[in-house]
Amino acid sequence: MKLLLDVDTGVDDALGLLYVARSPGVELLGVGTVFGNVDAETAAYNTLRALEAAGRREVPVAVGAARPLLAPPIAATWVHGEDGLGNTYLPAPAGSPVAETAVEQILRLTRTHPGEVVLCAVGPLTNLALALGLDPDLPRRVRHVVVMGGVVMRAGNSGPMQEANVWHDPEAARMVYRAGWPITQVGLDVTMETFLTDRHLAALVAAGEAGNRAAGFAAQITPFYLGVYQRFLGQPRCAMHDPLAMGVALDPTYVECVELHVDVETRGELTRGMTVADLRGLAAPALVKEKPNVRVALKVDAGRFMADWMARILG
Ligand code: BDR
Ligand code: CA
């Protein structure tokens, strides 16, 4: 399968990149970056660090949007560290980002491989929105869009009802959700059920000490992020948001989805950035006027996913 990633690397983005980079049968065409956890350029260098740790220096990394369509950018450094990789301040990667922008990369690769590219976005959706604005034919050329973002049945993480990636740029998310392409939403409903624990971390540390570079990199960057989650969850574990979304891009059977109409609130005083799912679609679909536009993941086989994620990193 041909995969194009859009990331704001970030610890969990990096943990997902290691997994994709070590997955057989995946043609990773490129990675684009966006502001979010850190600025877009720092995200690109973090992406290169993760790809190099996984032995995949050849994958092109393109820098994307520096800010949301309308709102000011706000970095999530309190979750991912000032450097985005858990305040590890790792040495610079050997490679550099390509000259093309992330938006140009989306447009070019979907023209080269029409109907074949799976686009998995695990940061704010600004690059996708900008690409849609430049080329309204884009949705017809993309096979599947998998978004780590949103939440419909549980609490948010950037506000009472808001998930961070959608909250960072609600206007962009609205454009993406309204674009008429096949979208799977891998939101907090399932990612807050999928955890890396202190036991996983101990196995990564041991493999890293035994010479596994990808495991060693994961072991270095994760403790800060795990510590942040431990403080608010009360348990030594952290959410595998982006790795799960990338996992679903490769194997949709990790989750069970329902088809719902979902839109993004952009103006609500308390709810700007909320994914508003018409849950009447579950019990009384006749009451819903709009057609479902999103496959929303509501259940996850977290045990199988985490076993596969560990096997990919340790293998
Ligand atoms: C999302 O926000 C970021 O902090 C993570 O990398 C993930 O993509 C979770 O809400
Ligand atoms: Ca992310």
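Source: prediction; values computed, not measured. (Residues numbered from 1 in each chain as written. Chains lettered and ligands numbered in written order. Predicted model: local features only at pLDDT ≥ 70, side-chain atom pairs only at ≥ 80, totals over all residues. Heavy atoms only, no water.)

Enquirer: Tell me what's going on with the packing of helix H1 (residues 11-21) against helix H2 (residues 40-53), and back it up with residues and numbers.
Expert: For the pair H1 and H2, interaxial distance at closest approach is 9 Å and the crossing angle is 40°. With respect to H2, the axis of H1 lies oblique. By crossing handedness, the relation of H1 to H2 is classed as right-handed. Between H1 and H2, the contacting residues are Ala14, Leu17, Leu18 and Ala21 on the first element and Thr47, Ala50, Leu51 and Ala53 on the second. Residue composition of the contact of H1 with H2, by class: seven nonpolar, one polar and no charged. (Axes fitted to C-alpha atoms, helices over the stretch in contact; angles between N-to-C directions. Helix = DSSP H or I, 4+ residues; strand = E, 2+ residues; numbered from the N terminus. Parallel < 35°, antiparallel > 145°, perpendicular 65-115°, else oblique. Left-handed = near helix turned anticlockwise from the far one by under 90°. Contact = heavy atoms within 4.5 Å. Nonpolar A, V, L, I, M, F, W, Y, C, P; charged D, E, K, R; others polar.)

Enquirer: Would you mind going over the site of ligand 1 in detail, with residue names and values included?
Expert: Near ligand 1, the surroundings consist of Asp12, Asp13, Asn37, His80, Val122, Met148, Asn157, Glu163, Ala164, Asn165, His241 and Asp242. Within the side chain of Asp12, a nitrogen or oxygen atom sits 2.6 Å from an oxygen atom of ligand 1. Val122 places a main-chain nitrogen or oxygen 2.8 Å from an oxygen atom of ligand 1. Considering ligand 1 on its own, with 280 Å² of exposed area, one finds that the protein chains cover 96% of that surface. Secondary-structure elements contributing two or more residues to the shell around ligand 1 are H1, helix H7 (164-168) and helix H12 (241-250). Looking at the shell around ligand 1 residue by residue, the classes come out as three nonpolar, five polar and four charged. (Near = heavy atom within 4 Å. Polar contact = N/O pair within 3.5 Å; in protein donor to acceptor, adjacent residues only side chain to side chain. Areas by Shrake-Rupley, 256 points an atom, 1.4 Å probe, with all protein chains shown as cover.)

Enquirer: Any details on the pattern of salt bridges? Residues and values, ideally.
Expert: Applying the stated criterion to the full structure yields 13 salt bridges. Linking Asp263 and Arg178 is a salt bridge whose minimum nitrogen-to-oxygen distance equals 2.7 Å. One end of the pair, Asp263, is in strand S10 (residues 262-264); the other, Arg178, is in the loop between helix H8 (170-177) and strand S6 (183-186), and 85 residues separate them in sequence. One salt-bridge network, held together by shared partners, links Arg111, Asp135 and Arg141. (Salt bridge = Lys/Arg side-chain N within 4 Å of Asp/Glu carboxyl O.)

Enquirer: Could you give an account of the nonpolar core, naming the residues involved and the relevant values?
Expert: Proteins that are soluble and globular tend to have nonpolar side chains buried together. Ranked by internal contacts, the top residues of the largest apolar core, which has 65 residues, are Leu5, Leu18, Leu196 and Trp309. Ranked by residues supplied to this core, first place goes to helix H11 (residues 213-233) with nine residues. With near-sequence residues (within four places) excluded, Leu18 lies in contact with Ala50, Ala53, Ala54, Ala214, Phe217, Ala218 and Ile313. Counting 32 residues, the second-largest nonpolar core is a separate cluster that includes Val117, Leu128, Ala131 and Val296. (Core = buried A, V, L, I, M, F, W, Y, C linked by side-chain atoms within 4.5 Å. Buried < 20%, exposed > 50% of the residue type's maximum accessible area, 1.4 Å probe, protein only.)

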